[in-house]
Amino acid sequence: MRELRDIEGFRPKDLTQRQRLLVVYAVGLGTVVLLLTVVYNWGMAALEGRPQSIFRSFQTVVETMTTTGFGADAPWDTPAMNVLMVTIQVTGVVIGFVTLRVLVIPLFERTPLNLDDRLSTKDDHVVVAEYQRNAELLLDELEELDVDYVLVDSEEDEAKRLSDDGYQAINGDPEDRDDLRRATVGRADVLITDAGDRTASIVLTALEENEDLRVVSFLESTRRKAALTEVGVDRGVAPNALIGQRLAEKAATPVAVDAPVDDDGGVVIREILVRRDSPLHGVTVRESPLASHPNLTLVAGWFDGELRLPPSPDERLTPNTVLVVAGPAGEIDDVASDLSDVRVSRTAAHSRVLVAGFGEGGMAAVNAFPDDVAATTIDDDAAADPDVVGDVTEPETLREAGIDDASALVVTVDDDATALLTVAMARSLSSDVEILARVTDAEKASAAFRAGADYVLSVQRVCARLVASEVHGERVMDPTNQIRLVRADAAPFAGEALGDTRRVGDRGWMVAGVVRDGEVRTDERTTIRADDEVFVAGSDEGIGEFERTVDAA
């Protein structure tokens, strides 16, 4: 179940329809009782000539409204007071019926409330029209980012379960315009669809209600992307192909290096992969030997497929963490070799890679490999035309494919159980091969590490983060996003300490080192001079922004 939002962040619009009804009822009841008490107290003094305390008048009004009696005030002599008492009695009966309908009957009736009553007010929100993956994972991601949403699920039991757990979910057919209206699609900003063959119909129906919607659709195959673009999809994502491409890039070209590399202290960027059995697990970035090294700069980190540039000092290293380090090549290799069970990604591309599973993800992986990488594909379906036909969980199949000589294995089989067994079998046959795997269930990632994988991406997790990227602008795994290193004039940073330049917000780039008198300095205490040069590291987008706004100034 999701975590409840902090009370400090409460907004009136967060109230559901039923909660707003209860608030109106409570305020209305209190107002009526207070008004009748004041009028009755005045009438007893001015009309009946029997002044009394406001509290006794309050008691009499409540007794009358609840039909429990009139107390010692009866009878009343004036007509006006008798009319007032009849009014109080009738008001009490009406309020009694309202109380039954609003509070008592919904509390005890066995049929569930209309799920629409649990929705809070929405504007510029996200409408999720069907989601065939782990819905909680996606909705938790949206709630952590404080993004309003409504999930329309055609499975009644699933919608009720999610609603009972506190999520903003309703049961309905997203192809039905009326059901989309219940999700206030007309006031929405983004539509997320994951409905297979029904995607085009859902998108067209939603755009008829709101032509300004930004539409993101998950696809089984990239072959449908062009067709869905025609009907109005702004971004079509095939998760299996996307992850296959990312795994291939991680296996073949770990990091792009744009700076000159030489034996005299040139700066390079390397990835250091924290393996499954590393003693660094649980250690924060701040406490890691790489972060405290005087000649190295921790540029970025991949945490479960998510890029952090730079990583937070409080971020903890876990299986699947890839640290991106800048500095002299010799220094990086020396430090990495001192860290037990920490693997340094090869600076050169892997020359021989096996791909287990030649479906959508496997084909995307093969297409992503550079020309100088020899890829051997394995699949048990001869119709897929793999290089080796056979069961990837059998040792004979892996040996035939060349597991003994392979530098990396990319596992993109469709079934998680098969993927885990493939990883375990490959690890038993080779302790040196780097294993990169795709799993569907986010909870299977830890099992894949225990089986022997070095790097794992979950389809469910990646899909949730892609949605976060679209609706919130959060940086997530991007298969085309490489880390670059450029050399630039240091004049814009003159007088600043190197460490201070690295602590300025999230810019997508950072100053990795200073070149002075032919020597590279990465100590944070180094004061930058106008006649120095600097090495700047960042993503493609970040480096582009640096060159436009800083280097060109």
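Let me begin by describing the structure that accompanies this report. (Residues numbered from 1 in each chain as written. Predicted model: local features only at pLDDT ≥ 70, side-chain atom pairs only at ≥ 80, totals over all residues. Heavy atoms only, no water.)

Let us look at the pattern of salt bridges. Counting across every chain of the model gives 24 salt bridges. With its nearest N and O atoms 3.7 Å apart, the salt bridge here joins aspartate 189 to arginine 214. Of the two residues, aspartate 189 is situated in the loop between helix 6 (177–182) and strand 4 (190–193) and arginine 214 in strand 5 (residues 214–218); the sequence distance between them amounts to 25 residues. Close ionic contact of aspartate 197 with arginine 224 constitutes a salt bridge, the shortest N to O distance being 2.8 Å. Remark: arginine 224 occurs in the loop between strand 5 and helix 8 (225–231) and aspartate 197 occurs in the loop between strand 4 and helix 7 (199–209); sequence separation between them is 27 residues. Taking the relative accessible area as the measure of exposure, arginine 224 reaches 40% and is therefore partly exposed. (Salt bridge = Lys/Arg side-chain N within 4 Å of Asp/Glu carboxyl O. Helix = DSSP H or I, 4+ residues; strand = E, 2+ residues; numbered from the N terminus. Buried < 20%, exposed > 50% of the residue type's maximum accessible area, 1.4 Å probe, protein only.)

Here the focus is helix 4 (residues 135–144). The buried fraction of helix 4 is high, at 7 of 10 residues. Turning to helix 4, its buried residues number three or more, namely Ala135, Leu137, Leu138, Leu139, Glu141, Leu142 and Glu143. The backbone nitrogen of glutamate 136 has a side-chain oxygen 3.1 Å away, supplied by the residue at the start of helix 4, namely asparagine 134. (Polar contact = N/O pair within 3.5 Å; in protein donor to acceptor, adjacent residues only side chain to side chain.)

The strand order across the open sheet built from 6 strands is 14-13-12-15-16-17, with neighbouring strands paired in parallel fashion. Whereas interior strands pair on both sides, the edge strands pair on one side only; in this sheet they are strand 14 (388–389) and strand 17 (455–458). With 4 bridges connecting them, strand 16 (residues 434–439) and strand 17 associate as parallel partners. Looking across to strand 17, one finds that valine 439 is bridged to serine 458. (Pairing = 2+ DSSP bridges.)

Here we come to the packing of helix 14 (residues 416–429) against helix 15 (residues 444–451). The contact between helix 14 and helix 15 brings their axes to 8 Å, and the two run at 20°. Judged by the inter-axis angle, helix 14 sits roughly parallel to helix 15. Note that helix 14 runs across helix 15; the crossing there is right-handed. Seen from helix 14, the contacting residues are Asp416, Leu420, Val423, Ala424 and Arg427; seen from helix 15, they are Lys444, Ala447, Ala448 and Ala451. For the contact of helix 14 with helix 15, the class distribution of residues is 6 nonpolar, no polar and 3 charged. (Axes fitted to C-alpha atoms, helices over the stretch in contact; angles between N-to-C directions. Parallel < 35°, antiparallel > 145°, perpendicular 65-115°, else oblique. Left-handed = near helix turned anticlockwise from the far one by under 90°. Contact = heavy atoms within 4.5 Å. Nonpolar A, V, L, I, M, F, W, Y, C, P; charged D, E, K, R; others polar.)

Taken together, the side chains of Leu34, Val38, Ile54 and Phe55 define a hydrophobic patch exposed on the protein surface, amounting to about 430 Å² of accessible area. Elements supplying a minimum of two residues to the nonpolar patch: helix 1 (17–46) and helix 2 (54–65). Positionally, phenylalanine 55 belongs in helix 2. (Patch = residues over 30% accessible without salt bridge, like charges linked within 9 Å, V, L, I, M, F, W, Y side chains within 5 Å. Areas by Shrake-Rupley, 256 points an atom, 1.4 Å probe, with all protein chains shown as cover.)

For soluble globular proteins, nonpolar side chains are generally found buried alongside one another. Counting residues in hydrophobic clusters, the biggest one holds 50 residues, and the most contacted among them are Tyr131, Leu151, Ile192, Phe218 and Val410. No other element matches the 6 residues that helix 16 (residues 459–472) contributes to this core. With residues up to four places along the chain from it excluded, the contact list for phenylalanine 218 reads Tyr131, Arg133, Ile192, Thr193, Asp194, Val237, Pro239, Cys463, Leu466 and Val467. Membership of the second largest hydrophobic core comes to 29 residues, among which are Val388, Val413, Met425 and Ala445. (Core = buried A, V, L, I, M, F, W, Y, C linked by side-chain atoms within 4.5 Å.)

Attention shifts here to the sheet that holds strand 1 (residues 126–129). The 6 strands are arranged 3-2-1-4-5-6 in an open sheet whose pairing can be described as parallel. The outermost strands of the open sheet, each flanked by one partner alone, are strand 3 (169–171) and strand 6 (235–237). For this sheet, the mean inter-axis angle between neighbouring strands, taken without regard to orientation, is 20°. In this structure, strand 4 lies alongside strand 5, joined through 4 bridges in parallel fashion. Bridge pairing in strand 5 places threonine 193 opposite serine 217. Sitting on the sheet, helix 5 (residues 156–164) is in contact with strand 2 (149–153) and strand 3, with an inclination near 155° to strand 3.

What follows deals with the pairing of strand 13 (residues 374–379). Sheet topology note: the strand 12 (residues 352–356)/strand 13 ladder contains 5 bridges and is parallel. Pairing of valine 355 across the sheet is with threonine 377, part of strand 13. In terms of handedness, the path from strand 12 via helix 12 (residues 360–368) over to strand 13 forms a crossover that is right-handed. As paired strands, strand 13 and strand 14 are joined by 2 bridges and run parallel to one another. Within strand 14, the position partnered with aspartate 379 by the bridge is valine 389. (Right-handed = clockwise from strand over helix to strand, strands pointing away.)

Moving on to the packing of aromatic side chains. Applying the stated criterion to the full structure yields 4 aromatic pairs. On the basis of an interplanar angle of 10° and a centroid distance of 6.5 Å, the ring pair of phenylalanine 493 and phenylalanine 546 is categorised as stacked. In this pair, phenylalanine 493 sits in the loop between strand 18 (483–489) and helix 17 (498–502) while phenylalanine 546 sits in helix 18 (residues 540–551), placing the two residues 53 residues apart along the sequence. The pair phenylalanine 493 / phenylalanine 546 is uniform in exposure class, with both members buried. Through successive ring pairs, a cluster of aromatic residues spans Phe493, Trp509 and Phe546. (Phe/Tyr/Trp six-rings, centres within 6.5 Å; stacked < 30°, edge-to-face > 60°.)

Let's shift gears to the pairing of strand 15 (residues 408–411). Taking every second residue as pointing to the same face, both faces of strand 15 are buried, with Ala408 and Val410 on one and Leu409 and Val411 on the other. Pairing between strand 12 and strand 15: 4 bridges, direction parallel. Residue pairing across strands places leucine 354 opposite leucine 409, the latter belonging to strand 15. Summarising the sheet, strand 15 and strand 16 pair through 4 bridges and their orientation is parallel. Of the residues in strand 16, the one forming a bridge with leucine 409 is isoleucine 435. What joins strand 15 to strand 16 is helix 14, and the crossover it makes is right-handed.

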